[in-house]
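The primary structure of each chain is shown beneath.
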Amino acid sequence: MNIAVQVCGLINTIVLLIFYNSSKRLMLYKRRIFYYILLITLFNITTDILSVFAIHFSDNLSPIVVEISCKLYLCMLVVLSWSALIYTISDIMPKQKHIMVSSLLAIVGIIECFMVVKYPIYVYNDGYYVFTYGMSVKLLYIFGAVNVCAIWISTFVFSDRILSRRKYAVRLWMGIWLAGMVIQAINNSLLVAGFAASLGMMVVYFLLENPEGNIDKQFDCLNSIALSEYTGECILNEDPFILCNISFDDSAAVKGGDDNAEKKLKDLIDYLNTFKGINVFKSIDKNIIITSTARDKILNVINGFRTRYRLTDACIADSKVIMIEDAHSFTSIEEILRLINYMKSRRSDDAESLVTVTDKNVEDYERHDMMKDEIRRALREDRVEVFFQPIYNTVRKCFTSAEALVRIRNKDGSLIPPGMFIPVAEVTGQINELGRRVLEKTCEFMAGSEAADLGLEYIEVNLSVVQAERVTLFEEIMDTVKKYRVEPKRINLEITESALIQAKDAVLDNMNRLKDVGFTFALDDFGKGESNLMYLVEMPFDILKLDMDMTKAFHVNDKAKSAVKTVRYMADDMKLKVVAEGIENQNELDAFVEYDIDYIQGYHFSKPLPKPEFIDFVRKNNEGCRTA
Ligand code: C2E
Ligand code: MG
Ligand code: MG
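Scoring rules and cut-offs
Residues numbered from 1 in each chain as written. Chains lettered and ligands numbered in written order. Predicted model: local features only at pLDDT ≥ 70, side-chain atom pairs only at ≥ 80, totals over all residues. Heavy atoms only, no water. Helix = DSSP H or I, 4+ residues; strand = E, 2+ residues; numbered from the N terminus. Rg over C-alpha atoms; globule rule 2.2 N^0.38 Å. Buried < 20%, exposed > 50% of the residue type's maximum accessible area, 1.4 Å probe, protein only. Areas by Shrake-Rupley, 256 points an atom, 1.4 Å probe, with all protein chains shown as cover. Lys, Arg positive; Asp, Glu negative; His and termini not counted. Charge placed at Lys NZ, Arg CZ, Asp CG, Glu CD. Phe/Tyr/Trp six-rings, centres within 6.5 Å; stacked < 30°, edge-to-face > 60°. Lys NZ or Arg CZ within 6 Å of the ring centre and 35° of its normal. Donors = N, O, S within 2.8 Å, 3.2 Å for Na, K, Ca; no water. Axes fitted to C-alpha atoms, helices over the stretch in contact; angles between N-to-C directions. Parallel < 35°, antiparallel > 145°, perpendicular 65-115°, else oblique. Contact = heavy atoms within 4.5 Å. Nonpolar A, V, L, I, M, F, W, Y, C, P; charged D, E, K, R; others polar. Pairing = 2+ DSSP bridges. Near = heavy atom within 4 Å. Polar contact = N/O pair within 3.5 Å; in protein donor to acceptor, adjacent residues only side chain to side chain. Expected span 1.5 Å × (residues − 1). Patch = residues over 30% accessible without salt bridge, like charges linked within 9 Å, V, L, I, M, F, W, Y side chains within 5 Å. Salt bridge = Lys/Arg side-chain N within 4 Å of Asp/Glu carboxyl O.

Student: With reference to specific residues and values, describe the overall build of the protein.
Tutor: Looking only at helices and strands, the protein has 25 helices and 19 strands in total. Against the 2.2 N^0.38 benchmark of 25 Å for 628 residues, the protein shows a C-alpha radius of gyration of 38 Å, more extended than a compact globule. When its C-alpha atoms are laid out on the principal axes, the protein stretches across 125 × 55 × 45 Å. In the protein, which comprises 628 residues, the proportion classed as buried is 51%. Of the roughly 29,200 Å² of accessible surface on the protein, 58% is carried by carbon and sulfur atoms. Distance from the positive charge centre (71 side chains) to the negative charge centre (83 side chains) of the protein: 3 Å.

In structure tokens form, the structure reads like this:
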């Protein structure tokens, strides 16, 4: 009997099925179609072998049994070819639509099977070689060739919508199959069509569907490719799912070395893998992502790992978890990961260990993302400008300093205020470059003859938290002042209290180094929030800037008045100068002058101005003062 080739095909397909079933895998919709095709191929080759047996023993069997077994095999070939088409077009439409289109294709397939069954079939049996022929077989060759060509053509017609790897795999698969059918059509006794089908499946398996490609071998869980495939399919099909990012906090584990951290991460992943109804993915760095369609399953997992590590590894138990409930409403996994990064970088959420992403968070993130791009463009196109707000010296009765305040100039000429982009720039790290530009433009101004002519002693430059704690801050600032040959004492650096709360030691270190070479420092926004007097005691400040809230309260609240009085007294004792910010009218000015506040800054004198207007303003208002 000429069944050696089919037996090889059968073994091939069984081996593929064993591999497929023994791997950890994601049962995605497309994967399921592939799995069914694998089963259909198995069934196809089995019916092929059975039909050969039936023909071989046809003398002992009823003719109807022989005919049924031969036609069953032919029908299975038709089914297989249609399944291949259904599989190929699974990339180009969402699941619901694909199911509908597949049902229509199935109807055509059934009609083809009906015709194959209806027409006569004849068998050849010379004792060793067996095969079938007749109209039914001819029809099969025609349908097979048409279907295979349809699949080929579809990979070209929908070329831009089918994954390029899938296109390649399907074309190879169809090529092998077509070659098998052509050989069998030319030489009826060479029964290679079934074997060619199984060979084609092997190609698709190794090029595209090998579940091993979805496994992170080191941590024995699903990897980022699987994550991208899973989320891609859910998003395309609008299948709701919940996604949770666990930022594995290994700060304690790291003490025992990196190996130790990896061991602990593996232990955590193994533990998460024991839960049913969730997928566990190892994402980039030390992030684990779990997904599920059920919220309670996710919460169960989070509670589970927190409880498990509470006593042994508090750091792991407290790992920050970010949960996105409508993950399918995003456009891609990249967008989801960017949102997660944004959520992680928000300092205000440091205390919460489970953060559920709200619509408001998503809106903020979208604005944040747009602003991030705008800052990038503004930096590239040099649309970052520095405005100067004059500061009045109550002793010399003229303007002796100013605060440098950054602005972004839109392409239409309007301005973006710092309140809109500084918080974003702090999160993205762009604040370092923005800060460098502001210092550079300030130094450029101070290095010119105008600044000295105007009698300006120094300019106040804001330092954000991110900059103030940077280890390279000293070198960066020195590079800029050296480039413009500006004396450090002509730059006063403003730091807010929040910088001190977040990284007091790093900031103090930077302050000391910069003070040693002559820079001075101001504590900005004093009196806003919970001011801690210890910062004034411990940090080498030269100037204290009363926040606008405090100066406003001063006029309506007697307690605020005595607070300002006390601060004034205390500052005197500590040899600190005091600036009152936000002075908007003559009454406010008179009151602060009466309290011997050294400097006044506010709209009463001027809003922050572009350099030329600032120069005009100071020139006009410092008339009798320049030589003082
Ligand atoms: P800040 O450092 O406390 O600056 C003072 C803010 O108060 C400025 O707002 C100024 O225009 C505003 N202001 C001054 N006088 C008055 C007044 O009389 N009435 C009112 N209503 N407002 C007054 P601006 O320019 O919008 O800056 C806001 C904040 O953005 C700054 O607060 C500072 O924290 C930050 N910022 C500005 N430029 C920079 C920069 O170059 N680097 C960094 N890191 N932060 C900056
Ligand atoms: Mg300031
Ligand atoms: Mg301020």
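Moving on, there is more to tell.
Student: How would you sum up the packing of aromatic side chains? Please name residues and give values.
Tutor: For the structure shown, the criterion picks out 26 aromatic pairs. On the basis of an interplanar angle of 80° and a centroid distance of 5.4 Å, the ring pair of Y230 and F241 is categorised as edge-to-face. On the criterion of sequence distance, the pair formed by Y230 in helix 8 (residues 224–237) and F241 in the loop between helix 8 and strand 5 (242–247) is long-range, its members being 11 residues apart. On the basis of an interplanar angle of 50° and a centroid distance of 5.7 Å, the ring pair of Y342 and Y365 is categorised as tilted. Separated by 23 residues along the polypeptide, Y342 in helix 13 (residues 333–345) and Y365 in helix 14 (residues 359–380) bring together distant segments of the chain. Of the two residues, Y342 and Y365, both sit in the buried class. Put simply, the rings of Y20, F34, Y35, Y87, W173, Y205 and F206 pair up and form one aromatic cluster. In this arrangement the basic side chain of K607 is found over the ring face of Y603, its NZ or CZ atom lying 4.9 Å from the centre.

Student: Break down the coordination of the magnesium ion (ligand 3) for me, citing the residues and quoting the values.
Tutor: For the magnesium ion (ligand 3), the full set of protein donor atoms is D524 (OD), D525 (OD), E581 (OE) and E581 (OE), at a range of 2.1 to 2.6 Å. All donors of the magnesium ion (ligand 3) belong to a single chain; written as a sequence motif, their spacing is D-D-x55-E. The distance between the magnesium ion (ligand 3) and the magnesium ion (ligand 2) comes to 3.9 Å, with D524 serving as a donor to both metals. With D524 in strand 15 (residues 520–526) and E581 in the loop between strand 17 (577–580) and helix 24 (586–594), this residue pair connects regions lying 57 residues apart in the sequence. An identical accessibility class is assigned to D524 and E581; each is buried.

Student: Lay out the packing of helix 3 (residues 63–88) against helix 5 (residues 135–157) with the relevant residues and their values.
Tutor: Relative orientation of the contacting elements helix 3 and helix 5 amounts to 10°, with a least axis distance of 9 Å. When the interaxial angle is binned, helix 3 and helix 5 end up roughly parallel. On helix 5, the residues touching K71, L74, L77, V78, S81, W82, A84, L85 and T88 of helix 3 are S136, V137, L140, N147, A150, I151, S154 and T155. Here the residues of the contact of helix 3 with helix 5 sort into 10 nonpolar, six polar and one charged.

Student: Go over the pairing of strand 6 (residues 279–282) with me, naming the residues and quoting the values.
Tutor: Burial along strand 6 is two-sided: the residues N279 and F281 and V280 and K282 are all buried. Across four bridges, strand 6 lies against strand 7 (residues 287–292) in antiparallel orientation. Its bridge partner being in strand 7, N279 is matched across the sheet by T291. Between strand 6 and strand 7, which follow one another and run antiparallel, lie four residues, and D285 among them has a positive phi close to 50°.

Student: Got a sec to walk through the site of ligand 1? Specific residues and values, please.
Tutor: Contacts to ligand 1 come from 23 residues, most closely from E403, N462, D524, E584 and Y603. The separation between a nitrogen atom of ligand 1 and a polar side-chain atom of E584 is 2.6 Å. Taken by itself ligand 1 offers 790 Å² of open surface, and the protein chains cover 81% of this. A total of four residues in the shell around ligand 1 trace back to one element, the largest contributor, which is strand 11 (residues 398–409). Partitioning the shell around ligand 1 into residue classes produces 10 nonpolar, six polar and seven charged.

Student: Tell me what's going on with helix 11 (residues 295–310), and back it up with residues and numbers.
Tutor: Taking 1.5 Å per residue, 16 residues should reach 22 Å; helix 11 reaches 22 Å between its end C-alpha atoms and fits that length. Along helix 11, the positions that sit buried rather than exposed are I298, V301, I302, G304, F305, R306 and Y309.

Student: Could you give an account of the coordination of the magnesium ion (ligand 2), naming the residues involved and the relevant values?
Tutor: Bound to the magnesium ion (ligand 2) on the protein side are E403 (OE), N462 (OD1), E494 (OE) and D524 (OD), at distances that span 1.9 to 2.2 Å. Sequence positions of the donors to the magnesium ion (ligand 2) reduce to the motif E-x58-N-x31-E-x29-D.

Student: Which residues make up a nonpolar patch on the surface, and what are the values?
Tutor: Together, F53, F57, L61, I64, V65 and I68 give the surface a local cluster of nonpolar side chains, amounting to about 510 Å² of exposed area. For the nonpolar patch, the element with the most residues is helix 3, which contributes three residues.

Student: Talk me through a negative patch on the surface; I want residue IDs and the actual numbers.
Tutor: Taken together, the side chains of D326, D359, E363 and E366 define an acidic patch exposed on the protein surface. Tracing the backbone through its elements, the reader meets D326 in the loop between strand 8 (320–324) and helix 13. What makes D326 partly exposed here is its relative accessible area of 46%.

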